[in-house]
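Read off the chains here:
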Amino acid sequence: MTSINNTSPSLAMEFLLRVTKVFKDYCGVFSEESIRSNFILLYELLDEIMDNGFIQGTSSDTLKAFIFNEPVVVEKKKMKFQLPKFNPKTTSSDATNKPISFKDSKQGGKDEIFVDIFERITITFHSNGNILNSALDGTIQMKSYLSGNPDLKLALNEELTIGNTSNRSATHYGGVVEIDDCNFHECVRLDDFDSSRIISFNPPDGEFVVMNYRITSDFKIPFRIFPFFELVSPYKVEMIIKIRADVPENNAGTNILLQFPVPKTTSSVSSTMGIGVQGQSCEYDSKKQLVSWKIKKMPGGTEHTLRSRIVLTKASTSSVRKEIGPVSLNFEVPLYNPSNLQVRYLRIMSNSSGQTSNPYRW
């Protein structure tokens, strides 16, 4: 990036993020293999996005008029865990791994639009189990393959409150959802948002974020961790960790990874995960001095326990307990959002000639 002044790091990071989104829109999948297979296309995109170090534009919709190379489709690697199929109109997010240039081609020109709600929670617990702080960052993300960019209306929970400005008490569709703040994509119009929680917009081609929101108030915690420390002998300590899934029984956590560091004087760690458990593994990395517990799938309402015996090279002192932890947990819960934010409907409005687009799938 060319500038006579110091460039803001936030600007550089935002530019890189938007470039990767443009690459994903045109290649379908953004991976090392897709970059290698579509090098000429990506070079053409970069040439249009930036000129002599100056940013010209990062809109996938605007770049269509200047891009002439066709993408080489690279299939995304499938995960071992697959979501169940509920009905033929519902599809997994893998269906969005299609280049936007295929929208008007013979290789798959069906009108489709995809809506996903992603939520990332960050919670810090005290050793006694109490919550020290918690935050939820959510995103409503869409990917459009609609021809003509028609006008859309997206309705959220009727009882959606922002900050402490609402005093409504009635219970409507989706229940009461309180968020601290939010921001919208530049294409969004908010004429009916305050009265009926409906946002209107003309979707650009490709993937874009309709709305970002943040919640710091109380929300249902998907998992609970209960650690127990026991000093067996001066050279041996035992760490017992119980994890409980507090999500509904029809949901399940996947790709669960629990990690915790051990003391610097650790010589070996042996772990047991119970009798007859499947889909679990535990490893100790002696270089990083880190214990990693992996669980492929954990249905709601279930519990699992890990018992790690830590052998020390030196006699333990009063500080050995402080050297174990903190315990970190990463996970995914498909088809579940702790905030209870819901999409009431997505409506495609008729154009000036009275015609209404009927998408193949959304």
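So, how was this worked out
- Residues numbered from 1 in each chain as written.
- Predicted model: local features only at pLDDT ≥ 70, side-chain atom pairs only at ≥ 80, totals over all residues.
- Heavy atoms only, no water.
- Patch = residues over 30% accessible without salt bridge, like charges linked within 9 Å, V, L, I, M, F, W, Y side chains within 5 Å.
- Areas by Shrake-Rupley, 256 points an atom, 1.4 Å probe, with all protein chains shown as cover.
- Salt bridge = Lys/Arg side-chain N within 4 Å of Asp/Glu carboxyl O.
- Helix = DSSP H or I, 4+ residues; strand = E, 2+ residues; numbered from the N terminus.
- Phe/Tyr/Trp six-rings, centres within 6.5 Å; stacked < 30°, edge-to-face > 60°.
- Buried < 20%, exposed > 50% of the residue type's maximum accessible area, 1.4 Å probe, protein only.
- Lys NZ or Arg CZ within 6 Å of the ring centre and 35° of its normal.
- Pairing = 2+ DSSP bridges.
- Axes fitted to C-alpha atoms, helices over the stretch in contact; angles between N-to-C directions.
- pLDDT = per-residue confidence, 0-100.
- Contact = heavy atoms within 4.5 Å.
- Polar contact = N/O pair within 3.5 Å; in protein donor to acceptor, adjacent residues only side chain to side chain.

K.L.:
Would you mind going over a nonpolar patch on the surface with me for this structure?
P.N.:
Judged by side-chain polarity, Met1, Leu11 and Ile55 come together as a nonpolar surface patch covering roughly 250 Å² of accessible area. Mapped onto the elements of the fold, isoleucine 55 is located in strand 2 (residues 54-55).

K.L.:
Just checking my understanding: could you explain the packing of aromatic side chains for this structure?
P.N.:
Given two aromatic rings, one states the distance between the centres and the angle between the planes to describe the pair. Applying the stated criterion to the full structure yields six aromatic pairs. Relative to phenylalanine 30, the ring of phenylalanine 23 has its centre 6.1 Å away and its plane inclined at 40 degrees; by these criteria the two rings are tilted. According to the relative accessible area criterion, phenylalanine 23 is buried, its value standing at 9%. Across from the ring centre of phenylalanine 193, 4.8 Å away, lies the NZ or CZ of arginine 197, which sits over that ring. Stacked on the ring of phenylalanine 226, the Lys or Arg lysine 242 has its end atom at 5.2 Å from the ring centre.

K.L.:
Please explain the sheet that holds strand 3 (residues 113-125) as it appears in this structure.
P.N.:
Strands pair in a sheet through their backbones, by hydrogen bonds, and they do so in one of two ways: parallel or antiparallel. The four strands are arranged 3-4-11-8 in an open sheet whose pairing can be described as antiparallel. Two strands lie at the open edges of the sheet, namely strand 3 and strand 8 (181-184), each paired on one side alone. In this sheet, adjacent strand axes meet at a mean angle of 15 degrees when their direction is disregarded. In the sheet, strand 3 pairs with strand 4 (residues 131-144) via 13 bridges, with the strands oriented antiparallel. Residue pairing in the sheet places threonine 122 in a bridge with alanine 135 of strand 4.

K.L.:
Would you take a moment to explain the confidence of the model for the protein for this structure?
P.N.:
In the predicted model, the protein carries a mean pLDDT of 83, and the fraction of residues at 70 or more is 84%. Within the protein, no element has a lower average pLDDT than helix 4 (residues 60-63), which sits at 82, and none a higher one than strand 17 (residues 290-299), at 94. Overall, residues 83-89 carries pLDDT values under 50, and its contacts beyond four positions in sequence, including any with other chains, amount to six contacts. This model gives residues 165-174 a pLDDT under 50, and the stretch forms 18 contacts once residues within four places in sequence are excluded.

K.L.:
Any chance you could explain unusual backbone geometry here in plain terms?
P.N.:
A negative phi angle characterises most non-glycine residues, just as the trans form characterises most peptide bonds. With an omega dihedral of 5 degrees, the bond running from glycine 325 to proline 326 counts as a cis peptide bond. For asparagine 52, which is not glycine, the phi dihedral falls at a positive 55 degrees. Its place among the elements puts asparagine 52 in the loop between strand 1 (50-51) and strand 2. On the basis of relative accessibility, which here comes to 65%, the residue asparagine 52 falls in the exposed class. Of note in the backbone geometry, leucine 335 takes a positive phi value of approximately 60 degrees without being a glycine. Tracing the chain through its elements places leucine 335 in the loop between strand 19 (328-332) and strand 20 (343-348).

K.L.:
Would you explain the side chain of lysine 153 in this entry?
P.N.:
Relative to the helices and strands, lysine 153 resides in strand 5 (residues 152-156). At a separation of 2.9 Å, a polar atom in the side chain of lysine 153 contacts the side chain of serine 200. The contact partners of lysine 153, leaving out residues within four places of it in the chain, are Asp192, Ile198, Ile199, Ser200, Tyr345, Leu346, Arg347 and Met349.

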